[in-house]
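Listed below are the residues making up each chain.
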Amino acid sequence: MAAANYLTSEDQFLCSICLDVFTDPVSTSCGHNFCKDCITEHWDKSDRCQCPMCKKEFNTRPELQVNTLFSEMVTQFRQTAQQKASSSSSEQQVFKPGEVPCDVCTETKLKALKSCLVCLTSYCETHLEPHLTMSGLKRHQLIDPVENLEDRMCLKHDKPLELFCKTDQTCVCMLCTVLDHKMHDVVPLKEGYEGEKAELETETQQMIQKRQLKIQEIKHSVDLSKEEADREIAEGVQVFTALKESVERGQANLINTIKEKQKTTENQAEDFIKELEQEISELKKRSSEVEQVTHSEDHLHLLQRFMSLKVAPPTKDWTEVSIHSSHEGTVVRAVVQLEETFSKEMKKQLDAELKRVQRYAVDVTLDPDTAHTQLILSGGGKKVSHGDVKKNLQNNPERFSYPLCVLGKQSFSSGKFYFEVQVKGKTRWDLGVARESINRKGGITLSPQRGNWTIWLRNVNEYKALDDPPVLLSLKSQPQKVGVFVDYEKGLVSFYDVDAAALIYSFTGCSFTEKLYSLFSPGPNDGGQNSAPLIISPVRVN
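Starting afresh in each chain, residues are numbered from 1 along the sequence in its written order. Side-chain atom pairs in this predicted model are given and counted only at pLDDT of 80 or more, local residue features only at pLDDT of at least 70, and totals for whole chains, interfaces and linings cover all residues. Side-chain numbers come from the whole structure's heavy atoms, not from hydrogens or water.

Comments concerning the overall build of the chain
Okay, so step 1: Counting secondary structure elements, the chain contains 9 helices and 22 strands.
Okay, so step 2: Principal-axis analysis of the C-alpha atoms gives the chain an extent of 190 × 75 × 35 Å.
Okay, so step 3: For every residue, the accessible area obtained with a 1.4 Å probe (protein chains only) is divided by the maximum for its type, and the residue is called buried under 20%, exposed over 50%, and partly exposed between those limits. Counting across all 542 residues of the chain, residues that qualify as buried make up 33%.
Okay, so step 4: Throughout, a contact is declared for two residues whenever any of their heavy atoms are within 4.5 Å. Within the chain, residue pairs in contact and separated by at least 24 positions form 56% of the contacts whose partners lie at least 6 positions apart.
Okay, so step 5: In the chain, 67 positive and 78 negative side-chain charges are present, and the distance between their average locations comes to 5 Å. A helix here means a DSSP run of H or I that spans at least four residues, while a strand means a run of E at least two residues long, and both kinds are numbered starting from the N terminus. When charges are counted, Lys and Arg are positive and Asp and Glu negative, with His and the chain ends excluded. Each charge is placed at NZ for Lys, CZ for Arg, CG for Asp and CD for Glu.

Side note on the sheet that holds strand E16 (residues 462-465)
Hydrogen bonds between backbone atoms are what pair the strands of a sheet, whose relative direction is either parallel or antiparallel.
Okay, so step 1: The pairing criterion for strands is at least two bridges between them, as found by DSSP. Pairing in this open sheet of 6 strands is antiparallel, and the strands run E12-E21-E14-E15-E16-E17 from one edge to the other. Where the open sheet ends on each side, the last strands, each with one partner, are strand E12 (406-412) and strand E17 (471-473). Strand after strand, the sheet turns through a mean of 20° between neighbouring axes, direction not considered.
Okay, so step 2: Taken together, the 3 bridges between E16 and E17 define a ladder with antiparallel strand orientation. Looking at E17, one finds that Ala465 is bridged to Val471. Axis lines are fitted to C-alpha atoms, over the contacting stretch for helices. Their N-to-C directions set the angle, which ranges from 0 to 180 degrees.

Considering the pattern of salt bridges
As a working rule, side chains carrying opposite charge can pair if their charged atoms are close by.
Okay, so step 1: Salt bridges are defined as contacts in which a side-chain nitrogen from Lys or Arg sits within 4 Å of a carboxyl oxygen from Asp or Glu. Counted under the stated rule, the structure contains 13 salt bridges.
Okay, so step 2: Of the charged contacts in the structure, one is a salt bridge between Asp230 and Lys226, with a shortest N-O distance of 3.1 Å. With Asp230 and Lys226 both in helix H7 (residues 189-293) and 4 residues apart, the pair spans about one turn of that helix.

Points about the side chain of Asp487
Okay, so step 1: Along the chain, Asp487 turns up in strand E18 (residues 481-487).
Okay, so step 2: Here Asp487 sits buried without a salt bridge, and the closest side chain of opposite charge, Lys416, lies 4.0 Å off (N-O distance).
Okay, so step 3: Polar side-chain contacts of Asp487 include one of 3.4 Å to the backbone nitrogen of Glu489.
Okay, so step 4: Leaving out residues up to four positions away in the same chain, Asp487 has contacts with Gly415, Lys416, Leu492 and Phe512. By the criterion applied in these results, polar contacts are pairs of N or O atoms within 3.5 Å in which, for protein atoms, one can donate a hydrogen and the other can accept it, and in which residues neighboring in sequence qualify only through two side-chain atoms.

A word on the layout of surface pockets
Okay, so step 1: Any residue with an atom within 4 Å of a point lines the site, the site being either a cavity, points on a 1 Å grid over the protein atoms alone where a 1.4 Å probe fits but cannot get out, or a pocket, an open set with protein on both sides within 12 Å along at least 5 of 7 lines. Grid points are joined across faces, edges and corners, and a volume is the space filled by probe spheres set on the points. Looking at the second largest pocket, its volume works out to about 560 Å³.
Okay, so step 2: Around the second largest pocket sit 13 residues that line it, and Ile17, Cys18, Lys45, Asp158 and Lys159 are the ones nearest its centre.
Okay, so step 3: Side-chain classes are defined by residue name, with Ala, Val, Leu, Ile, Met, Phe, Trp, Tyr, Cys and Pro counting as nonpolar, Asp, Glu, Lys and Arg as charged, and the others, Gly among them, as polar. Here the lining of the second largest pocket is built from residues that sort into 7 nonpolar, 2 polar and 4 charged.

Here's the deal with the environment of Tyr402
Okay, so step 1: Within the secondary structure, Tyr402 is located in the loop between strand E11 (383-386) and E12.
Okay, so step 2: Accessibility expressed as a relative area gives 51% for Tyr402, which makes it exposed.
Okay, so step 3: A sequence separation of 40 residues divides Tyr402 from Gly442, and the C-alpha atoms of the two residues are 5.2 Å apart.
Okay, so step 4: With near-sequence residues (within four places) excluded, Tyr402 lies in contact with His372, Arg440, Gly442, Gly443 and Ile444.

Section: the packing of aromatic side chains
Okay, so step 1: A pair of aromatic rings is counted whenever rings of Phe, Tyr or Trp (Trp by its six-membered ring) have centres within 6.5 Å, and the orientation is called stacked for planes under 30 degrees apart, edge-to-face for over 60 and tilted otherwise. Applying the stated rule across the entire model yields 13 aromatic pairs.
Okay, so step 2: Here the aromatic rings of Trp43 and Phe58 are separated by 6.3 Å at their centres, their planes lie at 75°, and the arrangement is edge-to-face. You can see Trp43 sitting in helix H2 (residues 36-45) and its partner Phe58 sitting in the loop between H2 and strand E3 (65-66), a full 15 residues away along the chain. The residues Trp43 and Phe58 share a single accessibility class, namely buried.
Okay, so step 3: Three or more aromatic residues joined by ring pairs make a cluster, and in this case those are Phe13, Phe22, Phe70 and Phe77.
Okay, so step 4: The ring centre of Trp456 lies 3.8 Å from the NZ or CZ of Arg458, which sits over that ring. In this scheme, the term charge over a ring applies when either NZ of a lysine or CZ of an arginine sits within 6 Å of the ring centre and within 35 degrees of the ring normal.

A closer look at unusual backbone geometry
Okay, so step 1: With an omega of 0°, the peptide bond between Tyr402 and Pro403 qualifies as cis.
Okay, so step 2: Here the bond from Asp468 into Pro469 is cis, since omega is 0°, no more than 30 degrees from zero.
Okay, so step 3: Take Pro469: it is sitting in the loop between E16 and E17.
Okay, so step 4: In this model, Val460 sits at a positive phi of 75°, which is unusual for a non-glycine residue.
Okay, so step 5: Locating Val460 in the fold gives a position in the loop between strand E15 (452-458) and E16.
Okay, so step 6: The class for Val460 is partly exposed, based on a relative accessible area of 43%.

Section: the state of the cysteines
Okay, so step 1: For this text, the term disulfide refers to a pair of cysteine sulfurs within 2.5 Å. Under the criterion given, the structure shown has 0 disulfides.
Okay, so step 2: Of all cysteine sulfurs in the structure, the one in Cys51 sits closest to Cys49, which takes part in no disulfide; the separation is 9.6 Å.
Okay, so step 3: No disulfide involves Cys51; its sulfur sits 3.6 Å from the nearest other cysteine sulfur, which is in Cys30.

Describing a nonpolar patch on the surface
Okay, so step 1: A grouping of Leu175, Val178 and Leu179 is seen on the molecular surface, where their side chains present a nonpolar patch of about 260 Å² in accessible area.
Okay, so step 2: Secondary-structure assignment places Leu179 in the loop between helix H6 (174-178) and strand E9 (186-188). By definition, no residue in a patch forms a salt bridge, and every one has over 30% relative accessible area; like charges are joined within 9 Å, nonpolar side chains (Val, Leu, Ile, Met, Phe, Trp, Tyr) within 5 Å. Shrake-Rupley sampling with a 1.4 Å probe provides the accessible areas, and residues are treated as covered by the protein chains on show and by no other component.

Details of the pairing of strand E19 (residues 492-497)
Okay, so step 1: With respect to burial, E19 is a largely interior element, 5 of its 6 residues being buried.
Okay, so step 2: By the bridge criterion, 6 bridges tie E18 to E19 in an arrangement that is antiparallel. When the sheet's bridge partners are listed, Asp487 is paired in E19 with Leu492.
Okay, so step 3: In sequence, E18 turns back onto E19 through a hairpin of 4 residues, with Gly491 there showing a positive phi of about 65°.
Okay, so step 4: Linking E19 to strand E20 (residues 502-507), which pair antiparallel, is a turn of 4 residues; within it Ala501 sits at a positive phi near 50°.

A closer look at the environment of Ile215
Okay, so step 1: By secondary structure assignment, the location of Ile215 is in helix H7.
Okay, so step 2: Ile215 sits in the partly exposed class, given a relative accessible area of 45%.
Okay, so step 3: Put simply, Ile215 and Asp103 are 112 residues apart on the chain and 50 Å apart in space, counted from C-alpha to C-alpha.

Shown next, in the form of structure tokens:
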């Protein structure tokens with residue numbers, strides 16, 4: 001039989017079970033043909049023995065007969081198809097690395113043109129033809145060639161993944177919808193794809209918009225930072241120009257003062273020298289007259305002459321006369337004056353700095369859930385003191401068991417914030433900020449490595465910054481109110497003596513990665529000597 005005759009009705013050579021060309025075709029008593037393995041496996045899995053084509057039921061499994069003529073026709077069809085594939089393989093592209101190969105080609109693998117989601121097979125141009133011409137295969141879903149088609153099968157039920165479960169956000173097969181995903185919101189893959197695509201596009205657009213807004217925010221922050229930098233530079237130039245001019249004036253005044261003193265000394269010396277030279281001249285004249293008189297032999301005349309020479313001789317006593325340098329201490333006095341100028345300028349800058357940070361004042365209240373059981377909170381959550389006696393409170397994870405600490409309720413994870421605490425009348429206290437993960441159930445070390453940035457007072461007047469290593473502080477006066485300023489992004493924590501407008505200490509180069517909370521410890525009562533509370537005060541700009 002000619003190959004052309006077969007090609008006009010190729011679907012008659014396809015098994016209705018596997019949808020592929022017959023292999024060992026057999027016939028049932030009702031006259032339908034199937035692959036021997038296909039029909040056998042079908043009946044093995046089925047509860048009833050019936051023909052898959054006409055649905056005729058058999059009381060007993062019929063004996064399968066080999067259809068000799070039909071088997072020869074299938075063999076002839078295979079040979080014709082193989083010859084056609086062989087003759088056209090030279091015209092088709094051979095599979096290359098990175099491309100999807102045809103799963104049917106046995107010798108030279110050709111490049112696949114399509115993949116069938118029903119057969120889970122990729123086909124080259126030749127082997128794809130049945131899917132384009134046979135009515136049974138035309139209903140199959142073809143897509144551009146893809147690898148790993150087995151990934152499109154349900155691993156549990158070995159069925160195609162052709163549905164999408166919106167409830168569990170996963171692809172499922174038909175059996176999944178009646179078993180594991182029963183009552184779930186299940187839709188066809190295309191509908192699920194379109195829904196997910198729309199949602200993803202919306203989400204992506206929202207993410208893009210958020211990032212565009214973030215870019216604008218960052219640019220705005222850069223602009224503000226530049227304005228602040230320009231302002232700081234202008235103020236800095238103004239301050240240093242004034243200081244430089246003050247230094248230059250001080251230097252000029254110093255030089256003029258020294259020169260004037262030196263000129264006075266030189267003038268005084270010149271006057272002394274002239275006076276001495278005049279006396280020397282008079283004494284030389286008298287010496288000459290005495291020399292002349294000594295040559296006379298008239299003793300009476302000689303004595304009379306001596307008496308006249310003794311009249312009005314130089315009588316000034318030069319023993320105590322001297323020239324003293326008056327430059328000592330001039331430089332020191334000039335430096336002291338310059339230091340006073342610097343101190344005034346520093347005080348002015350610190351006043352301005354304190355006013356600047358006070359603009360970032362926040363309302364802080366104490367969190368009773370974090371307070372040690374011996375601490376007493378009052379004043380609407382603004383005061384804390386030591387009460388000596390433990391209160392019967394729930395030992396929740398947030399509460400400090402040691403030391404005598406309490407945190408503020410408010411947390412900060414960006415930007416700048418400032419608050420003030422009255423420490424008047426206390427002999428001991430700890431104050432600062434701490435990260436959220438600070439240890440609260442046992443002894444803690446106050447240091448940046450342990451997630452806290454604090455200063456403390458001990459023994460009435462011993463101040464220390466708990467840095468790495470700790471720094472002993474030498475303060476001109478005892479602070480009555482302490483201001484705490486944090487710049488999260490810059491990693492800065494600064495403490496101020498509010499009344500004196502003086503900087504106490506700054507932690508710089510800090511690395512903040514968690515929420516920050518204000519930290520307070522009033523210290524033990526010490527028999528009433530340290531009974532005064534720490535008080536969170538409202539911020540009033542100086």
